[in-house]
Amino acid sequence: MAKLLYNRKDVYMKSYDPFNMSKPQSEFVKIRNGAYLFVPDFFDKAKSDYYFNDLIKNSEWRQEEILIFGKTVKFPRLTAWYGERPYAYSGITHEARKWTDTLLEIKNEVEIRTQSIFNSVLLNLYRNGNDSISWHADNEKILGDKPMIASVSFGATRRFQLRHNATKEKIQFELGHGSLLIMKGELQAYWQHQVPKTKKEVEARINLTFRTIT
Ligand SMILES: O=C(O)CCC(=O)C(=O)O
Ligand SMILES: [Mn+2]
(Lines give C-alpha, C1' and ligand atoms only; values in the text may rest on other atoms or scores of the structure.)
(Ligands and ions follow the chains in the order given, each with its own letter.)
Protein backbone atom coordinates (compact mmCIF):
# COMPACT_ATOMS: atom_id res chain seq x y z
CA MET A 1 0.00 0.00 0.00
CA ALA A 2 2.77 2.40 0.96
CA LYS A 3 4.49 1.73 -2.32
CA LEU A 4 1.34 2.44 -4.27
CA LEU A 5 0.86 5.77 -2.52
CA TYR A 6 4.45 6.69 -3.22
CA ASN A 7 3.99 5.94 -6.91
CA ARG A 8 0.82 7.97 -7.10
CA LYS A 9 2.54 10.93 -5.47
CA ASP A 10 5.30 10.56 -8.02
CA VAL A 11 2.84 10.80 -10.90
CA TYR A 12 1.10 13.74 -9.26
CA MET A 13 4.36 15.63 -8.83
CA LYS A 14 5.23 15.16 -12.47
CA SER A 15 1.99 16.59 -13.79
CA TYR A 16 1.76 19.38 -11.21
CA ASP A 17 4.03 21.98 -12.78
CA PRO A 18 2.94 25.45 -11.60
CA PHE A 19 6.21 27.10 -12.62
CA ASN A 20 6.34 25.47 -16.05
CA MET A 21 9.64 23.84 -15.14
CA SER A 22 9.27 21.02 -17.66
CA LYS A 23 9.57 23.43 -20.59
CA PRO A 24 13.15 24.56 -21.19
CA GLN A 25 13.48 28.27 -20.53
CA SER A 26 16.48 28.53 -22.75
CA GLU A 27 18.72 26.14 -24.55
CA PHE A 28 22.39 26.80 -25.35
CA VAL A 29 23.49 24.41 -28.07
CA LYS A 30 27.13 23.93 -29.04
CA ILE A 31 27.45 22.62 -32.58
CA ARG A 32 30.36 22.02 -34.96
CA ASN A 33 32.02 25.43 -35.58
CA GLY A 34 29.49 27.46 -33.66
CA ALA A 35 26.78 27.71 -31.07
CA TYR A 36 23.31 29.12 -30.72
CA LEU A 37 21.01 30.04 -27.89
CA PHE A 38 17.29 29.44 -28.19
CA VAL A 39 14.70 30.92 -25.81
CA PRO A 40 11.25 29.54 -26.78
CA ASP A 41 9.16 31.90 -24.61
CA PHE A 42 11.27 35.02 -24.59
CA PHE A 43 8.08 37.13 -24.80
CA ASP A 44 4.87 35.86 -23.20
CA LYS A 45 1.75 35.23 -25.29
CA ALA A 46 0.02 38.56 -24.51
CA LYS A 47 3.09 40.62 -25.35
CA SER A 48 3.78 38.56 -28.48
CA ASP A 49 0.18 39.01 -29.70
CA TYR A 50 0.48 42.74 -29.13
CA TYR A 51 3.80 43.03 -30.96
CA PHE A 52 2.61 40.88 -33.88
CA ASN A 53 -0.50 43.04 -34.41
CA ASP A 54 1.41 46.28 -34.02
CA LEU A 55 4.24 45.26 -36.37
CA ILE A 56 2.03 43.85 -39.11
CA LYS A 57 0.00 47.09 -39.17
CA ASN A 58 2.62 49.73 -38.61
CA SER A 59 5.82 48.54 -40.32
CA GLU A 60 6.83 49.99 -43.68
CA TRP A 61 6.57 46.68 -45.55
CA ARG A 62 8.11 46.54 -49.01
CA GLN A 63 8.01 44.01 -51.81
CA GLU A 64 11.64 43.77 -52.88
CA GLU A 65 12.66 42.44 -56.27
CA ILE A 66 15.93 41.19 -57.71
CA LEU A 67 17.09 40.85 -61.26
CA ILE A 68 18.11 37.28 -62.14
CA PHE A 69 19.37 36.74 -65.71
CA GLY A 70 17.47 39.79 -66.89
CA LYS A 71 14.24 38.71 -65.19
CA THR A 72 12.68 40.54 -62.23
CA VAL A 73 11.90 38.15 -59.42
CA LYS A 74 9.90 39.16 -56.35
CA PHE A 75 11.23 38.18 -52.92
CA PRO A 76 8.97 35.45 -51.47
CA ARG A 77 8.24 37.62 -48.42
CA LEU A 78 7.83 41.30 -47.51
CA THR A 79 10.62 43.16 -45.75
CA ALA A 80 11.16 46.31 -43.71
CA TRP A 81 14.41 47.82 -42.53
CA TYR A 82 14.97 50.07 -39.52
CA GLY A 83 18.14 51.40 -38.07
CA GLU A 84 20.69 54.07 -37.92
CA ARG A 85 22.63 53.19 -41.08
CA PRO A 86 21.80 52.13 -44.63
CA TYR A 87 22.29 48.45 -45.40
CA ALA A 88 22.97 46.79 -48.75
CA TYR A 89 22.39 43.09 -49.44
CA SER A 90 21.39 41.01 -52.49
CA GLY A 91 21.89 44.14 -54.59
CA ILE A 92 19.30 46.10 -52.59
CA THR A 93 20.05 49.15 -50.49
CA HIS A 94 17.86 49.78 -47.48
CA GLU A 95 17.88 53.40 -46.41
CA ALA A 96 18.22 54.13 -42.70
CA ARG A 97 14.83 54.56 -41.06
CA LYS A 98 13.98 55.84 -37.60
CA TRP A 99 13.15 53.27 -34.91
CA THR A 100 9.52 53.03 -33.87
CA ASP A 101 8.60 52.85 -30.16
CA THR A 102 7.62 49.18 -30.52
CA LEU A 103 10.91 48.25 -32.19
CA LEU A 104 12.86 50.14 -29.53
CA GLU A 105 10.98 48.27 -26.81
CA ILE A 106 11.74 44.87 -28.37
CA LYS A 107 15.35 45.89 -29.07
CA ASN A 108 15.79 46.91 -25.44
CA GLU A 109 14.63 43.49 -24.15
CA VAL A 110 16.91 41.72 -26.63
CA GLU A 111 19.86 43.90 -25.65
CA ILE A 112 19.38 43.13 -21.95
CA ARG A 113 19.27 39.37 -22.68
CA THR A 114 22.26 39.37 -25.04
CA GLN A 115 24.27 42.09 -23.26
CA SER A 116 24.88 43.58 -26.71
CA ILE A 117 23.87 46.71 -28.57
CA PHE A 118 22.19 46.50 -31.99
CA ASN A 119 21.88 49.43 -34.40
CA SER A 120 19.59 47.91 -37.03
CA VAL A 121 16.84 45.38 -37.61
CA LEU A 122 15.55 43.60 -40.69
CA LEU A 123 11.91 42.54 -40.54
CA ASN A 124 10.53 39.73 -42.69
CA LEU A 125 6.84 39.05 -43.15
CA TYR A 126 6.05 35.51 -44.31
CA ARG A 127 2.44 35.90 -45.41
CA ASN A 128 1.76 32.14 -45.68
CA GLY A 129 3.54 28.82 -46.27
CA ASN A 130 4.55 29.91 -49.75
CA ASP A 131 6.79 32.64 -48.36
CA SER A 132 10.31 31.68 -47.36
CA ILE A 133 13.95 32.66 -47.16
CA SER A 134 16.40 30.35 -48.90
CA TRP A 135 19.89 29.19 -47.88
CA HIS A 136 22.16 32.09 -46.98
CA ALA A 137 24.50 33.32 -44.25
CA ASP A 138 24.36 36.73 -42.63
CA ASN A 139 28.02 37.28 -43.39
CA GLU A 140 28.17 40.65 -45.13
CA LYS A 141 31.40 42.54 -44.39
CA ILE A 142 29.54 45.41 -42.70
CA LEU A 143 28.26 42.99 -40.03
CA GLY A 144 31.84 42.45 -38.86
CA ASP A 145 33.89 39.32 -38.36
CA LYS A 146 31.81 37.16 -36.00
CA PRO A 147 28.44 38.86 -36.02
CA MET A 148 25.82 38.31 -33.37
CA ILE A 149 22.35 38.04 -34.91
CA ALA A 150 19.38 38.12 -32.54
CA SER A 151 16.25 36.76 -34.21
CA VAL A 152 12.77 37.28 -32.72
CA SER A 153 9.67 35.59 -34.15
CA PHE A 154 5.97 36.41 -33.81
CA GLY A 155 2.94 34.70 -35.35
CA ALA A 156 2.89 31.30 -37.03
CA THR A 157 5.52 28.73 -36.11
CA ARG A 158 7.93 28.01 -38.95
CA ARG A 159 10.80 25.58 -39.36
CA PHE A 160 14.34 26.97 -39.20
CA GLN A 161 17.19 24.96 -40.72
CA LEU A 162 20.96 25.21 -40.42
CA ARG A 163 23.31 23.48 -42.87
CA HIS A 164 27.07 23.15 -42.43
CA ASN A 165 28.97 24.42 -45.50
CA ALA A 166 31.50 21.56 -45.62
CA THR A 167 29.82 18.52 -44.03
CA LYS A 168 26.26 19.45 -45.17
CA GLU A 169 24.90 18.22 -41.83
CA LYS A 170 21.54 19.77 -41.01
CA ILE A 171 20.01 20.96 -37.75
CA GLN A 172 16.41 22.08 -37.64
CA PHE A 173 13.94 23.34 -35.10
CA GLU A 174 10.71 25.32 -34.91
CA LEU A 175 10.67 29.06 -34.27
CA GLY A 176 7.44 29.85 -32.45
CA HIS A 177 5.49 32.91 -31.30
CA GLY A 178 7.64 35.06 -28.97
CA SER A 179 10.85 33.05 -29.39
CA LEU A 180 14.40 34.39 -29.48
CA LEU A 181 17.27 32.75 -31.34
CA ILE A 182 20.79 34.08 -30.93
CA MET A 183 23.39 33.10 -33.49
CA LYS A 184 26.94 34.18 -32.82
CA GLY A 185 30.63 33.49 -33.20
CA GLU A 186 31.65 31.47 -36.22
CA LEU A 187 28.16 30.29 -37.08
CA GLN A 188 27.73 32.61 -40.09
CA ALA A 189 31.15 31.60 -41.46
CA TYR A 190 30.55 27.83 -41.34
CA TRP A 191 26.77 27.45 -41.65
CA GLN A 192 23.94 28.68 -43.81
CA HIS A 193 20.33 28.94 -42.67
CA GLN A 194 16.87 29.06 -44.22
CA VAL A 195 13.15 29.07 -43.52
CA PRO A 196 11.75 26.77 -46.23
CA LYS A 197 8.32 26.93 -47.82
CA THR A 198 5.73 24.61 -46.29
CA LYS A 199 2.66 22.89 -47.71
CA LYS A 200 0.96 23.17 -44.30
CA GLU A 201 -1.74 25.80 -43.92
CA VAL A 202 0.10 28.46 -41.95
CA GLU A 203 -0.84 31.97 -40.93
CA ALA A 204 1.47 34.95 -41.20
CA ARG A 205 4.77 35.11 -39.35
CA ILE A 206 6.98 38.11 -38.60
CA ASN A 207 10.68 37.69 -37.95
CA LEU A 208 13.03 40.41 -36.74
CA THR A 209 16.78 40.00 -37.00
CA PHE A 210 18.68 42.54 -34.93
CA ARG A 211 22.14 43.27 -36.30
CA THR A 212 25.07 45.58 -35.71
CA ILE A 213 26.31 47.43 -38.75
CA THR A 214 29.92 48.45 -38.22
O1 LIG B 1 12.83 34.29 -40.63
C2 LIG B 1 13.81 33.82 -40.08
O3 LIG B 1 13.73 33.13 -39.05
C4 LIG B 1 15.19 34.03 -40.65
C5 LIG B 1 15.39 35.36 -41.33
C6 LIG B 1 16.78 35.51 -41.84
O7 LIG B 1 17.55 34.59 -41.85
C8 LIG B 1 17.25 36.81 -42.34
O9 LIG B 1 16.49 37.77 -42.42
O10 LIG B 1 18.45 36.92 -42.65
MN1 LIG C 1 19.63 35.25 -42.13
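Here the residue numbering is sequential within each chain, running from 1 through the sequence in written order. Chains carry letters from A onward and ligands carry numbers from 1 onward, assigned in written order. The predicted nature of this model means local features are confined to residues of pLDDT at least 70 and side-chain atom pairs, given and counted, to a pLDDT of 80 or more, with totals for whole chains, interfaces and linings taken over all residues. The basis for the side-chain values is all heavy atoms of the structure; hydrogens and waters are excluded.

Caption draft 1: Structural context of the overall build of the chain. Labels follow the DSSP assignment, with helices taken as runs of H or I lasting at least four residues and strands as runs of E lasting at least two, numbered in each case from the N terminus. Tallying secondary structure elements over the chain gives four helices and 15 strands in all. Looking at the chain as a whole, 46% of its 214 residues qualify as buried. We call two residues in contact when some of their heavy atoms are within 4.5 Å. Taking the intrachain contacts of the chain between residues at least 6 apart in sequence as the baseline, contacts between residues at least 24 apart amount to 73%. Per-residue and other accessible areas follow the Shrake-Rupley method at a 1.4 Å probe size, with only the shown protein chains counted as cover for residues. Entry remark: accessible area of the chain is about 12,500 Å², with carbon and sulfur atoms responsible for 53%. Note on exposure labels: buried denotes an accessible area under 20% of the residue type's maximum, exposed denotes more than 50%, and partly exposed covers the range between, all computed with a 1.4 Å probe on protein chains only.

Caption draft 2: Looking closely at the coordination of the manganese ion (ligand 2). Note: metal donors comprise N, O and S atoms at 2.8 Å or less from the metal (3.2 Å for Na, K and Ca); water molecules are not included, so apparent gaps in a site are possible. At this site the manganese ion (ligand 2) is bound by His136 (NE2), Asp138 (OD), Asp138 (OD) and His193 (NE2), with donor distances of 2.1 to 2.6 Å. Any site counts as irregular unless it has four donors with all angles between 85 and 135 degrees, making it tetrahedral, or four or six donors with opposite ones more than 155 degrees apart and the rest between 65 and 115, making it square planar or octahedral. Taken together, the six donor atoms coordinating the manganese ion (ligand 2) span angles of 51 to 165° at the metal, a pattern that classifies the geometry as irregular. Read in sequence order, the donor residues coordinating the manganese ion (ligand 2) give the pattern H-x1-D-x54-H. Of this pair, Asp138 sits in the loop between strand 9 (133–136) and strand 10 (149–155) while His193 sits in strand 14 (residues 191–195), placing them 55 residues apart in sequence.

Caption draft 3: Seen up close, the environment of Ser179. Relative to the helices and strands, Ser179 resides in strand 13 (residues 179–184). The residues contacting Ser179, other than those within four sequence positions of it, are Phe38, Val39, Pro40, Phe42, Ser151, Val152 and Ser153. Among the polar contacts listed, one links the side chain of Ser179 to the backbone oxygen of Gly176, at a separation of 2.9 Å. Under the rule applied, a polar contact is a pair of N or O atoms within 3.5 Å (in protein, one hydrogen donor and one hydrogen acceptor; residues adjacent in sequence only if both atoms are side-chain atoms).

Caption draft 4: Fine view of the sheet that holds strand 12 (residues 170–175). Strand pairing is assigned whenever DSSP detects at least two bridges linking the two strands. Overall, antiparallel pairing links the four strands, which are arranged 9-14-11-12 in an open sheet. Across the chains shown, the open sheet's two edge strands, defined by having one partner strand only, are strand 9 and strand 12. On average, adjacent strands in this sheet sit at an angle of 15° to one another, irrespective of strand direction. Here two bridges tie strand 9 to strand 14, and the two strands are oriented antiparallel to one another. Paired with His136 across the bridge in strand 14 is His193. With axes taken as lines fitted to C-alpha atoms, and helix axes fitted only over the stretch in contact, angles between N-to-C directions fall between 0 and 180 degrees.

Caption draft 5: Spatial organisation of the sheet that holds strand 2 (residues 34–39). With respect to topology, seven strands assemble into an open sheet ordered 1-2-13-10-15-8-5, the strand pairing being antiparallel. Strand pairing shows two members of the sheet lacking a second neighbour, strand 1 (27–31) and strand 5 (78–83), which therefore form its edges. Neighbour to neighbour, the strand axes of the sheet diverge by 15° on average, direction disregarded. In terms of strand pairing, strand 2 meets strand 13 through five bridges, oriented antiparallel. If you follow Tyr36 over to strand 13, its bridge partner there is Met183. Running at roughly 60° to strand 15 (residues 205–211), helix 3 (residues 101–114) makes contact with strand 2, strand 5, strand 8 (120–126), strand 10, strand 13 and strand 15 of the sheet.

Caption draft 6: Summary view of the environment of Ile133. One can find Ile133 in strand 9. By relative accessible area, which is 14% here, Ile133 ends up buried. Between the C-alpha atoms of Ile133 and Phe160, which are 27 residues apart in sequence, the distance is 9.8 Å. Discounting residues that sit within four places of it in the chain, Ile133 has contacts with Arg77, Tyr126, Gln194, Val195 and Pro196.

Caption draft 7: Region of the structure containing the site of ligand 1. Proximity criterion: a residue is near a molecule or strand once any of its heavy atoms comes within 4 Å of it. Around ligand 1 sit 14 residues in total, of which Asn124, Tyr126, His193, Arg205 and Arg211 are the nearest. Here Arg205 contributes a side-chain N or O atom positioned 2.8 Å from an oxygen atom of ligand 1. Here ligand 1 loses 98% of its free accessible area of 300 Å² to cover by the protein chains. Broken down by secondary-structure element, the contributors of at least two residues to the shell around ligand 1 are strand 8, strand 9, strand 14 and strand 15. Top contributing element to the shell around ligand 1 by residue count: strand 15, with four residues. Note on residue categories: nonpolar means Ala, Val, Leu, Ile, Met, Phe, Trp, Tyr, Cys or Pro, charged means Asp, Glu, Lys or Arg, and polar means any other residue, Gly included. Considered class by class, the residues forming the shell around ligand 1 number six nonpolar, five polar and three charged.

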